[in-house]
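Chain residues, written in single-letter form:
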Amino acid sequence: MKAIRRFTVRPVLPEPLTPLADLARNLRWSWHAETRELFQSVDPDGWQAAGGDPVRLLGAVSAARLAELAGDRRFLRRLAVVTADLDDYVGGGRWYQSHESGAELPAAIAYFSPEFGITAALPQYSGGLGILAGDHLKAASDLGVPLIGVGLLYRHGYFRQSLSRDGWQQEHYPVLDPNELPVSLLRDADGAPARVSLSLPGGRALHAHIWQARVGRVPLLLLDSDVEDNDAPAREVTDRLYGGGSDHRLLQEMLLGIGGVRAVRTYCDLTGHPAPEVFHTNEGHAGFLGLERIRELEGEQGLGFDAAVEAVRAGTVFTTHTPVPAGIDRFERSLVARHFGEGGELPGVPVDRILELGAESYPGGDPGVFNMAVMGLRLAQRANGVSTLHGAVSRGMFAGLWPGFDPGDVPITSVTNGVHAPTWVAPEVVRLGIRQIGPGRTEDALSVGGSRRWDAVADIPDQDVWDLRRVLREQLVQEVRDRLRASWLQRGAAEAELGWVDSVLDPDVLTIGFARRVPSYKRLTLMLRDPERLRRLLLDPERPVQIVVAGKAHPADDGGKRLVQELVRFADDPRVRHRIVFLPDYGMAMAQKLYPGCDVWLNNPLRPLEACGTSGMKAALNGCLNLSVLDGWWDEWFEPDFGWAIPTADGVGTDEERRDDLEANALYELIEGRVAPRFYDRVGRTGLPVRWIEMVRRTLVSLGPKVLAGRMVREYVERLYAPAALAHRALTPDAARDLAWWKGRVRAAWPRVGVEHVEALAAAPVNGTAELGATLTLRVQVSLDALTPEDVEVQAVAGRVDAQDVIRDGRAFPLKPSVGPDLEGRWVYEGPLALDRTGPFGYTVRILPSHPLLATPAELGLLAGPSETDTAGPGTGVILR
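Residues numbered from 1 in each chain as written. Predicted model: local features only at pLDDT ≥ 70, side-chain atom pairs only at ≥ 80, totals over all residues. Heavy atoms only, no water.

Student: Could you give an account of the environment of I460, with specific residues and numbers?
Tutor: With respect to the helices, strands and loops of the structure, I460 is situated in the loop between α19 (451-455) and α20 (462-490). Taking C-alpha positions, I460 is 8.9 Å from G433, a pair spaced 27 residues apart along the chain. When near neighbours in sequence (up to four residues on either side) are disregarded, I460 contacts L432, Q436, V465 and R697. (Helix = DSSP H or I, 4+ residues; strand = E, 2+ residues; numbered from the N terminus. Contact = heavy atoms within 4.5 Å.)

Here is the structure:
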């Protein structure tokens, strides 16, 4: 019979065991081996049945066992040690508290993301964005960074994936009871659940409870709309991740952004946590947080809209994760107007100004849509992509917001992603590190970095490295067999027909892993371009290859599901099914076995559409070598010493079929000619692949410190959070009003600002040539209209030029006012220009707004240069000899 009501019965722990509850509720256990081992010892069988989840374990352990443990002195000593370690971890000073910048660092940072991948026990993620957000919180905790995470609590998570008999992806949405998750309700002083509310059109309201997860030192606030006071549609707003139509998604993002700010304020009021000085928007989904902060400033400090925008921008960081416009949330303007118009949310904030923030008001933009990433960029003074290449792609993609600027001058920087090593490095790898360099140094190396600690890997004997790799491969083989059997039983197979599963994969065969989401640009099936050639690779009698594949297609993406089915059907072939497998339901638990057990991690996206690709980083930390297209992080850090680059067919234009054929052929050739021979090249009496082992070492020594989330978070702190905090403090109400007024004055005058004449004086080129090391003296006449030299920066920009006279890798040289103004507002500027590079060389002159409170001269998107009719005097383009 089906129950008519469900509730959770919590265990009553004996008094000596009460610290177990606190340990279970702090998600540090998900990356702290000693805590996990303690819980495992409570009930080893129950630990496995609970999927390694302490909350589920404690809910199932018998009263008799608890009573036994309460009298077990050895267990209680272990419990005391682990509890004291957590107390020291949470309360002690760490990197942030001893940072040399001290008071310049923000008192707190609010980090907003639509998904967080902390642990499989809290399934609130779909893929890389969420896993990255989870690693960001964990690394911030390790470093002592005072972060507050903000997200939504989805009652069905993303989805669980299974396969039909014919290999078609099927989705399942299990109900998640928050009372059975490692979260707790935030409560008011009187014990009632704290909540936030949003106004909806038609007099409706959207209420949400605030659940709190503890991620080490970092609180994670998750908003849940399944509240009795909501009507049925409102209760379903947080039903599932990335589900529903446009109205549903808009409400989710309003709750995340606007409700999230209100949740942070409530949390800080109730707990005394410092209020955030910096707000970090992880992708555009949370962009509405800026609107709520504008409302606060308009109402509480009496700022006008323009001044409030300046104050909000100063303390906001925006990170974009998508390299393709299709990955950005865009809503119909009319839908946004309805929710923020009369009777909607944010009363008093002009709806027309809100719509301007998300308008695609640039060539090629759609005037009918509201773009969340565009709003995010307009409301953030600092923005970044997630790898060096992705930063360049983002500058090109969003260049329309800064008209007239070269993409290289667009103010979007990059912080390359990292991964949280204590989460993703296999325990066996950690133990080897401890044996080599000691426990404290190993923990420090995994959490913070430090190349000298990683250099110690070079001294690990070949045999130890190779023995470890085989143990990890053997564990993966068993994991694959278990999951494959379970998958086939779900697909309708009988146990009697699955005897072949016991011979799937071989712990001595070169193992390649490929696992990720399944949008078309990631090219799940590139390996199938020539099926016969792939079969030969898999079945080679001397150098066989085996491949483990996993990945989820979005429920609404039938194209992605067809790719999954194509791969599954190939892997179902009895001729090769012992050499290639597709594992459904890719998630954190599977990934933690998959990365360490593979010898090679394959990534073959369409370049440059992979923003970063952190799965390859996790694999590398376990001694797995990367075989990847030069995209994302691999483009930045690839070296032949520790991996392989798949050549790309960049010159074939729009012929997608030919491009895929060429790149698949390059992949096959690499595996056949270089990867497999290197793996199977056994040397001397030891029979070890010494060159392969050396590549493993180089991977760990060279990539280890770079790919850490600790390195990433330190960069965010020093390059983005600290400057944003200083800018936030500088934007007092009066300063914000002054800055808004100044920007209005500059924008009004700018149509009449320009460079009227340029001439070279001393050392002018003769016959179009000049000597390396010479210095030109430039004299420039500019019109500033009502502006003054304090309002602008006049620059000469010089560098090599291409065949179209476009300056490449230009360098800016400031010019100074020497004469002016005349009656028409014209000034003369002069300055030196060093000729420091040989070859075709050129320069131009430009005018930019200048103000002490601007993060960059490009901030306003205003630039003035010479008119096309200006002769610019002699020597604007020269060849240096």
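Student: Quick one: what's the story with the pairing of strand β17 (residues 580-583), residue by residue and with numbers?
Tutor: Every second residue of β17 is oriented toward a common face, with I580 and F582 on one face and V581 and L583 on the other, all of them buried. Relative to β17, strand β16 (residues 545-550) runs parallel, the two sharing four bridges. From the neighbouring strand, A550 faces β17, where its bridge partner is L583. Viewed along the sheet, the connection from β16 through helix α22 (residues 558-571) into β17 turns out right-handed. (Buried < 20%, exposed > 50% of the residue type's maximum accessible area, 1.4 Å probe, protein only. Pairing = 2+ DSSP bridges. Right-handed = clockwise from strand over helix to strand, strands pointing away.)

Student: Pulling in residues and values, what's your account of the sheet that holds β17?
Tutor: Paired through backbone hydrogen bonds, the strands of a sheet run either parallel or antiparallel to each other. Taken in spatial order, the six strands of this open sheet run β17-β16-β15-β18-β19-β20, and their pairing is parallel. Looking at the sheet topology across the chains shown, the edges are occupied by β17 and β20 (643-646). For this sheet, the mean inter-axis angle between neighbouring strands, taken without regard to orientation, is 20 degrees. On the sheet, α22 packs against β16 and β17 and is oriented at approximately 140 degrees with respect to β17. (Axes fitted to C-alpha atoms, helices over the stretch in contact; angles between N-to-C directions.)

Student: An account of the environment of A21 is needed here, citing residue identities and associated values.
Tutor: The topology assignment puts A21 in helix α1 (residues 19-25). Exposure remark for A21: the relative accessible area of 32% places this residue in the partly exposed category. With 34 residues separating them in the primary sequence, A21 and V55 have C-alpha atoms 8.0 Å apart. When residues no more than four places from it in sequence are discounted, the contact partners of A21 are L13 and L58.

Student: With reference to specific residues and values, describe the packing of α20 against helix α23 (residues 588-597).
Tutor: When two helices pack together, their arrangement is given by the angle between their axes and by how far apart the axes lie. Running from N to C, α20 and α23 cross one another at 140 degrees; their axes reach a closest spacing of 8 Å. Comparing the axis directions of α20 and α23 gives the class oblique. In the packing of α20 onto α23, the handedness of the crossing is left-handed. Residues R469, L472, R473, Q475, L476, E479 and R483 of α20 form the contact with α23, whose own contacting residues are A589, M590, K593, L594, P596 and G597. Of the residues in the contact of α20 with α23, the class split is six nonpolar, two polar and five charged. (Parallel < 35°, antiparallel > 145°, perpendicular 65-115°, else oblique. Left-handed = near helix turned anticlockwise from the far one by under 90°. Nonpolar A, V, L, I, M, F, W, Y, C, P; charged D, E, K, R; others polar.)

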